[in-house]
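So the chains spell out like this:
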Amino acid sequence: MILPQFEYHKVQSVAGAIALYRKYKGKARYCAGGTDLIPLLKQRLSAPAAVIDLKGIDELKTITRRKGVLIIGANVTLFDLKNDPIVREHFPALFQSLDATSCETLQMRGTIGGNILQDTRCIQYNKSLEWRTSRGFCFKMGGKACNVVLNAQACFSNYCSDNAPALITLSAKVRLKGLKGERTVDLEKIFSGNGKAPFTVEPGEVLTAILIPLKKTEGVYEKLRVRDSMDYPLVDAAVSMAGGKARVCIGGIGPAPRLYVIKNMDENTIRDTADKAYADAKPVANTTISAAYRKKMVSTLVKRAIKRVLKEGGR
Amino acid sequence: MNTDLNIVGKRVVRSDSLAKVTGEARYTADLRLPNMLVGKVLRSPYPHARIVRIDLTRALKVPGVKAAVSGFDAYGIKWGVFRYTQDHAMLPTDKVRYIGEDVAAVAAIDEETALEALSHIKVDYETLPAVFDPIESMKDGAPQIHDEHKNNINIHVHIDVGEVDKAMREAFIVREDTFKAAGEAYAMMEPYAVVASYKNGFLDLWMPNAGPHVRAKALSNLLKMPLNKVRVRHINSGGAFGGRSEVAPADLVASLLSIKAGRPVKLVLSREENATSSRQIHDIIATIKTGMKKDGTIVAKDYKVIYNGGAYSSTGPIATSIPFYVYEECYRFPNVRYNGYRVFTNKGIRGMYGCHGRAFLAGNEAQMDLMARELGIDPAEIRLKNGLTPGEVTATKSKITSCGLKETIETASERTDFKKQWAKRSRNKGIGMGCVAIMCGFPMGFRSGSSCYVKINDDGQVTIVTGLVDNGQGNESMVIQVASEVLGIPMGDINLVCADTEVTNLDPGSYSQAAAFVGANAVKVACENARKRIVAIAAEKLGVAETDIGLKDRMAYVVKEPDKKMPISWVVREAFFRGDPIVATGSFFPNIDFEREWVSRPWGQMAGTFSFGTSVAEVTIDPETGKVTIPRFTAAHDCGCPINPMAVEGQMEGSILQAGVATITEGNLWDKGHLLNPDLLEYKVPLACDMPEMDTIIVSSRDPAGPFGAKEGGLTVRMNAYSAVACAVANATGALFEELPLTPDRVLKIMETKKGVKK
Ligand SMILES: Cc1cc2nc3c(=O)[nH]c(=O)nc-3n(C[C@@H](O)[C@@H](O)[C@H](O)COP(=O)(O)OP(=O)(O)OC[C@H]3O[C@@H](n4cnc5c(N)ncnc54)[C@H](O)[C@@H]3O)c2cc1C
Ligand code: SF4
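Residues numbered from 1 in each chain as written. Chains lettered and ligands numbered in written order. Predicted model: local features only at pLDDT ≥ 70, side-chain atom pairs only at ≥ 80, totals over all residues. Heavy atoms only, no water.

Looking at the overall build of chain A
Across its full length, chain A holds 11 helices and 12 strands. Taken over the C-alpha trace, chain A has a radius of gyration of 19 Å; the compact-globule value for 315 residues is 20 Å, and the two agree within 12%. Restricting to contacts in chain A with at least 6 residues of sequence separation, those with at least 24 account for 62%. In the form shown here, chain A has an accessible surface area of approximately 13200 Å², with 53% of it arising from carbon and sulfur atoms. Within chain A, one finds 50 positive and 29 negative side-chain charges whose respective centroids are separated by 4 Å. (Helix = DSSP H or I, 4+ residues; strand = E, 2+ residues; numbered from the N terminus. Rg over C-alpha atoms; globule rule 2.2 N^0.38 Å. Contact = heavy atoms within 4.5 Å. Areas by Shrake-Rupley, 256 points an atom, 1.4 Å probe, with all protein chains shown as cover. Lys, Arg positive; Asp, Glu negative; His and termini not counted. Charge placed at Lys NZ, Arg CZ, Asp CG, Glu CD.)

If you want it as structure tokens, here you go:
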């Protein structure tokens, strides 16, 4: 499959990226590692006039600590982040999610920014133009129906980032710089819940950094997949805990991760959280494994993750 | 091991390794010929539709387009392996029968132009009702896919030996279960590619293939060209596993385009096209009824097996039979009935697979364990009790010559402490065993044999010419090794010309496990004939009897006085002087009953010999998620004689992954006629990191007819590894599987609802 035609620009600064975006009147896509974007282009799921390569922006490649916050540049690769001693020591849930992301080859190319902003996925969506034309376009491609759920009113594509759920449990924020200036928001707030357009990120906004409060946590990331060497999550659960309080986040089902906050950890709260997460999860038949099973695994993984944190502190 | 061998039996570096690991080896997609065009195919968006009209005119007007074709440019000939299965036009003119079927094609100066041109081809269809499930397809009133086949039954293989019903009545214990398995994808590393170049009335072709001669013959028929004008050339191949055995639609398409354009055309399928539009593997539903005596002796088997055959016949009769045969070649069945139905549906085309038949084979083995357990017999014992031994004859009258089944069961058991582990199974841990036997070659009429020419060049180097083909398993290196042994000339001094239909002679190809047993045998005979000539001259020159001459390290020497010697190159030059250069031919034709026919006469000698093997899988199951992992896998394979043990082990290891680990990951998923996982992300081929710890055991039964005793290099593992995994899961859960692959959702279900044991 060959790429469609587009103009390619490599920029040196965030401002330069935004200026180019403006010049192309929004018909441009940012590219970091390209591991999510390039397949989308090849499959004609996106047809930008220009691709703006952010890899040359040095300021997005650093990891710094300032005022009790770890600031991770959006272009830091998953591999470098995984091997950062602070991540390993302070954020075990994130360390484990990074380690579980695809394979190491991809981790060396894929960035944390791109990982967070990767598009949602569906077994009926990530296909060639010919395949999708034959099947008929669904909501997410501009069509009038969902090809998985009959008479659905919305798109149920899955957000499959391994790392966003872990980051959410760590109360991470993201910094965005765009046509209208800069803002910093809680990571869980950038999700629209709409599978067609999963992010509330404004057109032209560049994700510049991820900010994590720098305090030691105990944590665990549980990921269910069929093939251990390389697979997107079928469902995943991240837990981070500090001072008796825990944050639990479920990913891999539906267009947005779901956060549950536990104020006092005990046997009942574990069960309640698992039950609540189970009730909230609405998987549909858009992965290789049945929806009923994925739903069931939500509570299994939540319980398992929390128990592991309590037992081993995530190590 | 023969200790008097210098090269055969040694762990030599394969002749193709260097080029492959450095990326120098050329594959079809790497070829660049002058003026070459890019071909692209327009495919059917419908599973079943009548073709009303195909209009290529606008596509031909796109600047840069040099040719466009549809089925109306072909010769109206349909292809099939047998006279009675000729139903595949490759480019249809009547109707399309699956999504992704080739409908029209263009050749243009580059890919963009070709893609643009495709969008200007106008095809009018009249859609027809479609059917995807074989059970539905067999019902009265189902959409008719081919007019000639009532109830869409493409092939019915019926075998009936002994008195099955009576034996079942008299059996101590009888059990019937149904097992299903999703069809697999070949998922070769190399997506299909063809280069066709038509010039001066000759058509040259390069493509990954498992039998150049049958490919050329099929194309000569489809193109109505004399066979000598169609020349399939040698090229490296990135995997076949059965999926490159037959002529492919892309072959016809590229050929027609090249003939039209008068320029070479390269057609490379995308990964997705490789899945949707080249062959896939049959989904299978196998109902297995077994009767046993109290002592575990199998007295009867009654089978009904349904194969989802997709849109065309392909290797239909063979595909419908092979799972049965590899099983009856392993065990003694005094009474057996087999009803195999291959049913047409509006799904993609299907062919044979190296791991063909997992629902049937794993089902048989897992069921046998459960019955044995009831009788207080363990899996190793029951297999030893029912396994065939040398000299026995199978239910359909194939004589077993060499047979190391017993040794494979025993060594695999010892190495894994099988009996003990099996007895102390727990909910989370299991061990299982699978056995099978594989025919080395099968009846292919006059194409069943192979021949080889050898010439010794003036510096003492050798050229061997054979129709044998290598799909990546190491056949080329294997025959070079054989020649090296016979002639006493290092492998590096031997050039191989193979798989080119113009210069080589017929060979059965590399899809019926005949490469070692038949192809290498022919090379050995040819080299022995050349050797006789060398020895005669050397004996004369060294003044000893011919029987006293040995050949080694480029030297002819006197065996009892090794210092008395002369270079083989001197011998060769002497032969040139005498006007009688050293050239020789050799051939091998296996002992097969050629009256045997897959449907009309399913009995008689199937092959010259059979390989045997036993796999043992150890699994752990996550009781909460149902996820299976395979920490350790042991495989014992009777290959007759390992010509290159390292290559045999490599085949065994690859098979452990492709059949064993695949049991928990691989299966095609469908949404009616749409293949949902035509990519390598959602079709989950196990990767290197998914490998278990592996123990490969080679058993040498020394086949009397095989070259140096060799049979075949590892296929048993491809056909018993899934059985071992399924049996191990059954051992842990105490229940049988219903469907493969054993994905976590299914395993969890097995654990939750154990199937009861019927009497
Ligand atoms: C084979 C395969 C397996 C995979 N498996 C997994 C897996 O198991 N788990 C998982 O989490 N992911 C998986 N992925 C997704 C993988 O693409 C991400 O993990 C990766 O981190 C994306 O990073 P990238 O830099 O390549 O993103 P890109 O492809 O460069 O970008 C992704 C998206 O983010 C946007 N973007 C990137 N950077 C910025 C920025 N700074 N500001 C604004 N927008 C930006 C791009 O426009 C694009 O829309 C897999 C991908 C492949 C190809
Ligand atoms: S969930 Fe439905 S709408 Fe969303 S991508 Fe899949 S098929 Fe399309």
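Next comes the rest of the description.
Quick look at the site of ligand 1
Residue and element names in this part refer to chain A. If you check the shell around ligand 1, you find 31 residues, and the closest are Arg29, Tyr30, Thr35, Thr111 and Asp162. The separation between an oxygen atom of ligand 1 and a polar side-chain atom of Arg29 is 2.7 Å. Cys160 is positioned such that a nitrogen or oxygen atom in its backbone is 3.3 Å from an oxygen atom of ligand 1. Protein chains bury 93% of the 970 Å² of accessible surface belonging to ligand 1 in isolation. Breaking the shell around ligand 1 down by element, the ones donating at least two residues are strand 2 (28-31), helix 7 (112-116) and strand 8 (206-213). The leading source of residues in the shell around ligand 1 is strand 2, at three residues. (Near = heavy atom within 4 Å. Polar contact = N/O pair within 3.5 Å; in protein donor to acceptor, adjacent residues only side chain to side chain.)

Topic: the site of ligand 2
Neighbouring ligand 2 are 13 residues; A:Cys122, A:Cys138, A:Cys146, A:Cys155 and A:Phe156 lie closest to it. Partitioning the shell around ligand 2 into residue classes produces eight nonpolar, four polar and one charged. (Nonpolar A, V, L, I, M, F, W, Y, C, P; charged D, E, K, R; others polar.)

Considering the confidence of the model for chain B
Residues and elements named next belong to chain B. Put simply, chain B has an average pLDDT of 96, and 99% of its residues get 70 or more. In the predicted structure, residues 755-759 sits below a pLDDT of 50 and forms 18 contacts with residues beyond four places in sequence or in another chain. Two summary scores accompany this predicted model of the complex, namely pTM at 0.97 and ipTM at 0.96. (pLDDT = per-residue confidence, 0-100.)

Brief notes about the domain arrangement of chain A
Residue and element names in this part refer to chain A. Once the domains are mapped, chain A shows domain 1 (1-56) and domain 2 (58-117 + 157-312). Inter-centroid distance (C-alpha atoms) of domain 1 to domain 2 is 25 Å. On the domain 2 side, the residues contacting the 14 residues of domain 1 number 18 residues. Interface area for domain 1 against domain 2, summed over the two sides, is near 1300 Å², with a carbon-plus-sulfur share of 61%. There are zero salt bridges connecting domain 1 and domain 2. Here domain 1 and domain 2 share six residue pairs in polar contact (both at pLDDT 80 or more) between them. Among the elements that line the side of domain 1 that touches domain 2, the one with the most residues is helix 1 (residues 14-23), at five residues. For the side of domain 1 that touches domain 2, the per-class residue count stands at seven nonpolar, four polar and three charged. (Domains from an automatic or database assignment. Buried area = accessible area lost by both parts, 1.4 Å probe. Salt bridge = Lys/Arg side-chain N within 4 Å of Asp/Glu carboxyl O.)

Quick word on the environment of A:Lys196
All names here are of chain A. Here Lys196 lies in the loop between strand 7 (181-186) and strand 8. Between the C-alpha atom of Lys196 and that of Pro85, which follows or precedes it by 111 residues, the distance is 37 Å. In this view, Lys196 contacts Phe139, Lys140 and Cys155; residues no more than four positions away in its chain are not counted.

Brief notes about a negative patch on the surface
On the surface, A:Asp266, A:Glu267, A:Asp272 and A:Asp275 cluster together into a negatively charged patch. For A:Glu267, a relative accessible area of 58% translates into the label exposed. (Patch = residues over 30% accessible without salt bridge, like charges linked within 9 Å, V, L, I, M, F, W, Y side chains within 5 Å. Buried < 20%, exposed > 50% of the residue type's maximum accessible area, 1.4 Å probe, protein only.)

Digging into the interface of chain B and chain A
In this assembly, 36 residues from chain B lie in contact with 31 residues from chain A. Of the roughly 2900 Å² buried at the junction of chain B and chain A (both faces included), carbon and sulfur atoms supply 56%. Our count for the chain B to chain A interface comes out at seven salt bridges. Here A:Asp228 and B:Lys627 are joined by a salt bridge, their closest N and O atoms 2.4 Å apart. For the pair chain B and chain A, the interface holds 19 residue pairs in polar contact (both at pLDDT 80 or more). Put simply, the parts of the chain that give the side of chain B that touches chain A at least two residues each are helix 3 (111-118), helix 17 (645-665), strand 29 (674-675) and helix 19 (744-752) of chain B.

Focus: the side chain of B:Ser245
Residues and elements named next belong to chain B. Structurally, Ser245 can be placed in the loop between strand 11 (230-232) and helix 7 (249-261). What makes Ser245 buried here is its relative accessible area of 11%. Among the polar contacts made by the side chain of Ser245, one reaches the main-chain carbonyl oxygen of Gly242 at a distance of 2.9 Å. Residues within four places of Ser245 in sequence aside, it is in contact with Ala210, Val214, Arg215 and Tyr511.

Details of the domain arrangement of chain B
Residues and elements named next belong to chain B. Each assigned domain of chain B is listed here: domain 1 (17-24 + 449-588), domain 2 (31-128 + 189-239 + 245-277) and domain 3 (280-443 + 595-752). Between the C-alpha centres of domain 2 and domain 3 the distance comes to 36 Å. The interface is formed by 23 residues belonging to domain 2 together with 24 residues belonging to domain 3. For the pair domain 2 and domain 3, the interface holds zero salt bridges. Linking domain 2 with domain 3 are eight residue pairs in polar contact (both at pLDDT 80 or more). Take the side of domain 2 that touches domain 3: its biggest share by element is six residues, from helix 8 (residues 271-277). Among the residues making up the side of domain 2 that touches domain 3, the classes are represented as 10 nonpolar, six polar and seven charged.

A word on the packing of aromatic side chains
Across all of its chains, the model carries 22 aromatic pairs over all chains by this definition. Three or more aromatic residues joined by ring pairs form one cluster here, namely B:Tyr303, B:Phe324, B:Tyr325, B:Tyr327, B:Tyr331, B:Phe333, B:Tyr338, B:Phe360, B:Phe442 and B:Trp598. Here the guanidinium or amino end of A:Lys140 rests over the ring plane of A:Tyr125, the centre of that ring lying 4.9 Å away. In this structure, B:Lys524 is placed above the aromatic ring of B:Phe708, and the distance from its NZ or CZ to the ring centre is 5.0 Å. (Phe/Tyr/Trp six-rings, centres within 6.5 Å; stacked < 30°, edge-to-face > 60°. Lys NZ or Arg CZ within 6 Å of the ring centre and 35° of its normal.)

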